[in-house]
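The residues making up each chain are set out below.
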Amino acid sequence: MEKNLSKNYKKNYNIVIETRHIIKEYRIPHEKTNTLFGQILGRFKGKTTYENFRALNDVSFSLHKGEMVGLIGKNGSGKTTLLKILGGIIQPSSGSFTIEGTVAPLIGLGVGFHGELSAEENLYLYGAILGMPRKKIKEKLDEIFSFAGVERFRNMKLKHFSSGMVARLAFSTMVQADPDILLLDEIFSVGDKDFIPQCLTKIAEYRQRGKTILFASHDLSAIEQQCERTILLDKGELKMFGPTKDVVQYYKTI
Amino acid sequence: MKAKKNHWNVIYELARLDFKLKYYGSALGFLWSLLKPFLMLGILYVVFFYFLKVTIPNYEIYLFLGIITWNFFADTTKDIAPGISSKAHLLQSTSLTPATVIAGTILHSLWTFLITLVIFFIFFFALGLHLTGSAIMLLILIPLLVLITTGVSLCIAPLYMRFNDFGHMWDILLQMLFWATPIVYDYKIVPASVAKWYLLNPITRVIVDMRNAVLYGFFPEPKQMLITLTITALIYFIGTVIFKKYGKKFIEEL
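What comes next is a walk through the structure.

What counts and what doesn't
- Residues numbered from 1 in each chain as written.
- Chains lettered and ligands numbered in written order.
- Predicted model: local features only at pLDDT ≥ 70, side-chain atom pairs only at ≥ 80, totals over all residues.
- Heavy atoms only, no water.
- Helix = DSSP H or I, 4+ residues; strand = E, 2+ residues; numbered from the N terminus.
- Buried < 20%, exposed > 50% of the residue type's maximum accessible area, 1.4 Å probe, protein only.
- Contact = heavy atoms within 4.5 Å.
- Areas by Shrake-Rupley, 256 points an atom, 1.4 Å probe, with all protein chains shown as cover.
- Polar contact = N/O pair within 3.5 Å; in protein donor to acceptor, adjacent residues only side chain to side chain.
- Core = buried A, V, L, I, M, F, W, Y, C linked by side-chain atoms within 4.5 Å.
- Expected span 1.5 Å × (residues − 1).
- Bend = angle between axes of the 7 residues up to and from the residue.
- Buried area = accessible area lost by both parts, 1.4 Å probe.
- Salt bridge = Lys/Arg side-chain N within 4 Å of Asp/Glu carboxyl O.
- Axes fitted to C-alpha atoms, helices over the stretch in contact; angles between N-to-C directions.
- Parallel < 35°, antiparallel > 145°, perpendicular 65-115°, else oblique.
- Left-handed = near helix turned anticlockwise from the far one by under 90°.
- Nonpolar A, V, L, I, M, F, W, Y, C, P; charged D, E, K, R; others polar.
- Pairing = 2+ DSSP bridges.
- Patch = residues over 30% accessible without salt bridge, like charges linked within 9 Å, V, L, I, M, F, W, Y side chains within 5 Å.

So, the overall build of chain A
Thinking step 1. Within chain A, the regular secondary structure consists of nine helices and nine strands.
Thinking step 2. In chain A, which comprises 254 residues, the proportion classed as buried is 47%.
Thinking step 3. Long-range pairs, those at least 24 residues apart, make up 73% of the contacts in chain A between residues at least 6 apart in sequence.
Thinking step 4. Accessible surface, chain A: about 12,700 Å² in total, of which carbon and sulfur atoms supply 51%.

So, in structure tokens, the structure goes:
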């Protein structure tokens, strides 16, 4: 019954992401053992002590279809952790969330490409993870490389790429994969002056088609330009969620 | 449905890249993976046939089938750890799951196994031997072998991820298991008092049935086959339960 209700509710208000009391807790042992041997020895020495660290503390919010929401907060405030949970990479310690549609996270610079293989080879895997069958990637390959502006290096080993070039490739592939919800983590920090406007144009196009974006960044002016609403995280807690202008203003005071 | 299909795409791409990476830049390329079973075959053949005077007919082909079957199990379970750690970045930044990575490793091993199986049959016919209808059992036994290997891989993968020294222990266990499996000798020489336990080893059961099907033209007894199926199902079930509980937990520890 309750499930049905929430489904209708979502339909009416076009909520695509809803999180309910998400908590992510890490247990940090004072003496970390990574070996089975050490673990067994530790049993004899007595109890190991832990420290609990809450990366996210009771975070609840909902995002509407087609909006671009900013995510700001100081280093270590839990932005990446939140994106990782929404992207299905890690699981929350407690709480739950629902997502309507396909979701793709763009987190970190390396994006986990394998350095020993060519850029093209890497894209086949990355594209597959993003839900593109081989045939589709093959068709889009030219577009991806030209958008990223690295056509010349198609067959170069990825380890020889600069981090900026890898970020370009990752973003270009992501755009082609066309997920319903995009989770962006600091993508502009390595892009150069040509690439950032290019990305922003793409993002605008993407939003016109009713897609949703959650955009974490330290670049407050980019957030102010792009996002109507913004979430402020502070020490794992959702401090504020509202019109970007107000949130950014408040953020500057803390 | 679509998600399921995409899952297979990712597994296929992972297996393909692993295949490529494994033999990348080595002059002998794929031959390396064939050299290993052949060297093993040569050494064991010399020791057991010439020195210890084993009297099994067609011992070379008997040994060959045992070795490639064993190697599939041993190599796959050993490859699980590097398979996961080499994709740590992808696991931490995309929706790729450890289960998919493991499936990719298994598919990659299966390709290698099937190629060695083809070489086995070239040898088999070159020696003037003939297949009978019972060889059709391979179509059941090979999937069983894959299921057993998958079940065991799922059980040990969390241990690999959590404990750095688990690989050493698994190596030793595999050594023991190698001699506890009728690869170089016939299972009938095992004393009756321990045979009951000895025959619980599913790899033993698969190897014995494979030899019966390919070399001796026997179908397995229905009752024995039922036991094999039960053990396989049990291992697979335990594997999925363990992995479901611990599989995702350790991504953050990689």
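Next comes the rest of the write-up.
Points about the environment of Y185(B)
All names here are of chain B.
Thinking step 1. Within the element layout of this structure, Y185 appears in the loop between α7 (166-179) and α8 (192-198).
Thinking step 2. Sequence separation of Y185 and P57 is 128 residues, and the distance between their C-alpha atoms is 12 Å.
Thinking step 3. In this view, Y185 contacts I56, Y62, W179, A180, V190, Y198 and R211; residues no more than four positions away in its chain are not counted.
Thinking step 4. Among the polar contacts listed, one links the side chain of Y185 to the backbone oxygen of W179, at a separation of 2.6 Å.

Details of the nonpolar core
Thinking step 1. With 80 residues, the main nonpolar core has Y59(B), W70(B), F113(B), F120(B) and V184(B) as its most contacted residues.
Thinking step 2. Setting aside residues up to four positions removed in sequence, Y59(B) forms contacts with Y45(B), F48(B), F49(B), V54(B) and V184(B).
Thinking step 3. Core analysis: the next-biggest nonpolar cluster, separate from the first, contains 46 residues, L158(A), L184(A), I213(A) and V248(A) among them.

A few points about helix α3 (residues 59-85) of chain B
Thinking step 1. Over its 27 residues, α3(B) runs 39 Å from end to end, which matches the ideal 39 Å to within 8%, given 1.5 Å per residue.
Thinking step 2. At D79(B), α3(B) shows its largest bend, some 30°, and a proline, P82(B), comes one to four positions later.

A word on the interface of chain A and chain B
Thinking step 1. The interface of chain A with chain B comprises 33 residues on the first partner and 29 residues on the second.
Thinking step 2. Both faces considered, chain A and chain B share a buried interface measuring about 2,900 Å² in area, 58% of it formed by carbon and sulfur atoms.
Thinking step 3. Between the two partners, chain A and chain B, sit three salt bridges.
Thinking step 4. Linking K20(B) and E121(A) is a salt bridge whose minimum nitrogen-to-oxygen distance equals 2.3 Å.

A few points about the packing of helix α5 (residues 98-126) of chain B against helix α6 (residues 138-162) of chain B
Residue and element names in this part refer to chain B.
Thinking step 1. It is at 10 Å that the axes of α5 and α6 come closest, and there the two elements cross at 140°. By the angle between their axes, α5 is oblique relative to α6. Between α5 and α6 the crossing geometry is right-handed. Here α5 contributes P98, I102, I106, L110, F113, L117 and F121 to the contact with α6, which in turn contributes L138, I142, L145, V146, T150, S153, L154, A157 and M161.
Thinking step 2. Residue classes in the contact of α5 with α6 are distributed as 14 nonpolar, two polar and no charged.

Brief notes about the sheet that holds strand β1 (residues 15-29) of chain A
All names here are of chain A.
Thinking step 1. Across the sheet, which stays open at both edges, the three strands sit in the order β2-β1-β4 with antiparallel pairing between neighbours. Looking at which strands have only one partner, the edges of the open sheet turn out to be β2 (50-64) and β4 (94-99). Neighbour-to-neighbour, the strand axes of this sheet turn through a mean angle of 20°, independent of strand direction.
Thinking step 2. With five bridges connecting them, β1 and β4 associate as antiparallel partners. Each bridged residue has a counterpart across the sheet, and for E18 the counterpart in β4 is T98.
Thinking step 3. Packing against the sheet, helix α3 (residues 79-86) makes contact with β1, β2 and β4, and its axis sits at approximately 65° to β2.

Examining a nonpolar patch on the surface
Residues and elements named next belong to chain B.
Thinking step 1. A surface patch of nonpolar side chains, about 410 Å² in accessible area, is lined by W32, L35, L39 and I43.
Thinking step 2. Along the chain, W32 falls in helix α2 (residues 31-51).
Thinking step 3. Relative accessible area serves as the criterion here: at 46%, W32 is assigned to the partly exposed category.

Things to note about the sheet that holds strand β8 (residues 229-234) of chain A
Residue and element names in this part refer to chain A.
Thinking step 1. Read across the sheet, six strands follow the order β5-β6-β7-β3-β8-β9 without closing on themselves; strand pairing throughout is mixed. The sheet is open, and its two borders are formed by β5 (103-106) and β9 (237-243), each paired with just one other strand. For this sheet, the mean inter-axis angle between neighbouring strands, taken without regard to orientation, is 15°.
Thinking step 2. Pairing analysis gives four bridges linking strand β3 (residues 68-72) to β8, with the strands arranged parallel. Residue pairing for β8: I72 is matched across the bridge by L232.
Thinking step 3. Sheet strands touched by helix α9 (residues 244-253): β3, β8 and β9. Its angle to β9, the strand with the most contacts, is close to 140°.

Considering unusual backbone geometry
Thinking step 1. Even without being glycine, H21(A) reaches a positive phi, approximately 50°.
Thinking step 2. Note on placement: H21(A) falls in strand β1.

Here we look at the environment of R211(B)
Residues and elements named next belong to chain B.
Thinking step 1. Tracing the backbone through its elements, the reader meets R211 in helix α9 (residues 202-216).
Thinking step 2. Distance from R211 to G66, taken between C-alpha atoms, is 8.0 Å for residues 145 residues apart in sequence.
Thinking step 3. Apart from residues lying up to four places away in sequence, R211 is in contact with Y62, L63, L65, G66, P182, I183, Y185 and Y216.
Thinking step 4. Separated by 3.0 Å, the side chains of R211 and Y62 make a polar contact.

Comments concerning the packing of helix α4 (residues 119-129) of chain A against helix α6 (residues 163-177) of chain A
All names here are of chain A.
Thinking step 1. Axis separation between α4 and α6 bottoms out at 11 Å; the angle between their running directions is 45°. When the axis of α4 is compared with that of α6, the two are oblique. Remark: the crossing between α4 and α6 carries right-handed chirality. Counted together, A119, L123, Y126 and G127 of α4 and L169, A170, T173 and M174 of α6 form the full contact between these two elements.
Thinking step 2. Grouping the constituent residues of the contact of α4 with α6 by class yields six nonpolar, two polar and no charged.

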